[in-house]
Amino acid sequence: MAGETIITVVGNVTADPELRYTQGGLAVANFTIASTPRTFDRATSEWKDGEALFLRASVWRDFAEHVANSLQKGMRVIAQGRLKQRSYETKEGERRTALELEIDEIGPSLRFATAQVTRASGGGGQGRQGGAQQNSGGFGGGAPQQQAQNDAWAQPGGGSGAGASGGGDVWNSPGTFHGDETPF
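The chain has the name Single-stranded DNA-binding protein in an unreviewed UniProt entry, where Agrococcus casei LMG 22410 is given as its organism. Here is the UniProt Subunit (unreviewed entry) comment for the chain, exactly as written: "Homotetramer."

In structure tokens form, the structure reads like this:
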């Protein structure tokens, strides 16, 4: 939307995301991302950590379940979202303001790690019953054979049984990027 402050943050998840449900059944996951700037000190020839930014983040609906099933404490992530300011009053009557990141997109940073992505089954705001695929090993954890059977992306033709001529394989359809040429 116009006028919203959109930012991208790279940092580490400080604790496992906390998944809760509203009275209406909507899932929400809350967690904190710590982003620490590093600078090179030429005098000592060492990298120095700056002051860390701790940014509270939230995600909603099926996205919240995906995050709760995928992210764990210590994982380095890249998150993009809208910066929101919230004012509240403490028990002592003091007025406070907090900045929070309402996340639109989040994923693992592959700078120092690898990840295996699995497409989530279901979707469409199903609350507790559906949406997120249960993974125990963070980004695409679980047994590889089981994932290959359940993962439509791991099957030829996108799991639809149709080739490029059937329209089911968007990766190899005419006019799309195949990965072996420059897309520009």
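Continuing now.
Q: Outline the overall build of the chain, listing residues and values.
A: Helix and strand content of the chain: 2 helices and 8 strands. For the chain, the α and β elements follow one another from N to C terminus as β-β-β-β-β-β-α-β-β-α. Looking at the chain as a whole, 28% of its 184 residues qualify as buried. When contacts within the chain are restricted to residue pairs at least 6 apart in sequence, those whose partners lie at least 24 apart make up 58%. Of the roughly 12,500 Å² that the chain leaves accessible, carbon and sulfur atoms contribute 49%.

Q: Give a description of the packing of aromatic side chains that names residues and reports values.
A: Inspection of every chain in the model, using the stated rule, returns 1 aromatic pair. Ring centres 5.4 Å apart and planes at 65° place the aromatic pair Phe 40 and Trp 47 in the edge-to-face group. Judged by relative accessible area, Trp 47 falls into the exposed class, the value being 51%.

Q: A description of the nonpolar core should follow, citing residues and the corresponding values.
A: Within the largest apolar cluster, 18 residues are counted, with the highest numbers of intra-cluster contacts made by Phe 31, Ile 33, Leu 71, Leu 101, Ile 103 and Ile 106. Counting residues per element, the ones that place at least two in this core are β1 (5–13), β3 (27–35), β6 (53–60), α1 (61–70), β7 (76–89) and β8 (95–108). Ranked by residues supplied to this core, first place goes to β3 with 4 residues.

Q: I'd like a rundown of the pairing of β7, residues and numbers included.
A: Judged from the 8 bridges that link them, β1 and β7 form a sheet pairing that is antiparallel. Directly across from Thr 8, in β7, lies its bridge partner Gln 80. Note: β7 against β8, 13 bridges, orientation antiparallel. Across the sheet, the residue bridging to Ala 79 is Ile 106, located in β8.

Q: Go over unusual backbone geometry with me, naming the residues and quoting the values.
A: The phi dihedral of Ser 45 falls on the positive side, at around 55°, and the residue is not glycine. Note on placement: Ser 45 falls in the loop between β4 (38–41) and β5 (46–49). Residue classification places Ser 45 among the exposed residues on the basis of a relative accessible area of 53%.

Q: Which residues make up the environment of Met 75, and what values go with them?
A: When you line up the elements, Met 75 lands in the loop between α1 and β7. A C-alpha to C-alpha distance of 8.3 Å links Met 75 and Gly 11, two positions 64 residues apart in sequence.

Q: Give a detailed account of the pattern of salt bridges, specifying residues and quantitative values.
A: This structure, assessed with the given rule, holds 9 salt bridges. For Glu 4, the salt bridge goes to Lys 84, with nearest N and O atoms at 3.1 Å. You can see Glu 4 sitting in the segment before β1 and its partner Lys 84 sitting in strand β7, a full 80 residues away along the chain. In this structure Glu 4 comes out as partly exposed when scored by relative accessible area, which is 25%. The salt bridge partner of Arg 86 is Glu 100, with a shortest N-O separation of 2.9 Å.

Q: Describe in detail the confidence of the model for the chain, supporting the description with residues and values.
A: On average, the chain scores 76 in pLDDT, and the residues at 70 or more come to 65%. Low pLDDT, under 50, characterises residues 125–184; the stretch is placed with 82 contacts to residues that sit more than four places away or in other chains.

Quick notes on the rules
- Residues numbered from 1 in each chain as written.
- Predicted model: local features only at pLDDT ≥ 70, side-chain atom pairs only at ≥ 80, totals over all residues.
- Heavy atoms only, no water.
- UniProt positions renumbered as here; feature names shortened; annotations may be inferred.
- Helix = DSSP H or I, 4+ residues; strand = E, 2+ residues; numbered from the N terminus.
- Buried < 20%, exposed > 50% of the residue type's maximum accessible area, 1.4 Å probe, protein only.
- Contact = heavy atoms within 4.5 Å.
- Areas by Shrake-Rupley, 256 points an atom, 1.4 Å probe, with all protein chains shown as cover.
- Phe/Tyr/Trp six-rings, centres within 6.5 Å; stacked < 30°, edge-to-face > 60°.
- Core = buried A, V, L, I, M, F, W, Y, C linked by side-chain atoms within 4.5 Å.
- Pairing = 2+ DSSP bridges.
- Salt bridge = Lys/Arg side-chain N within 4 Å of Asp/Glu carboxyl O.
- pLDDT = per-residue confidence, 0-100.

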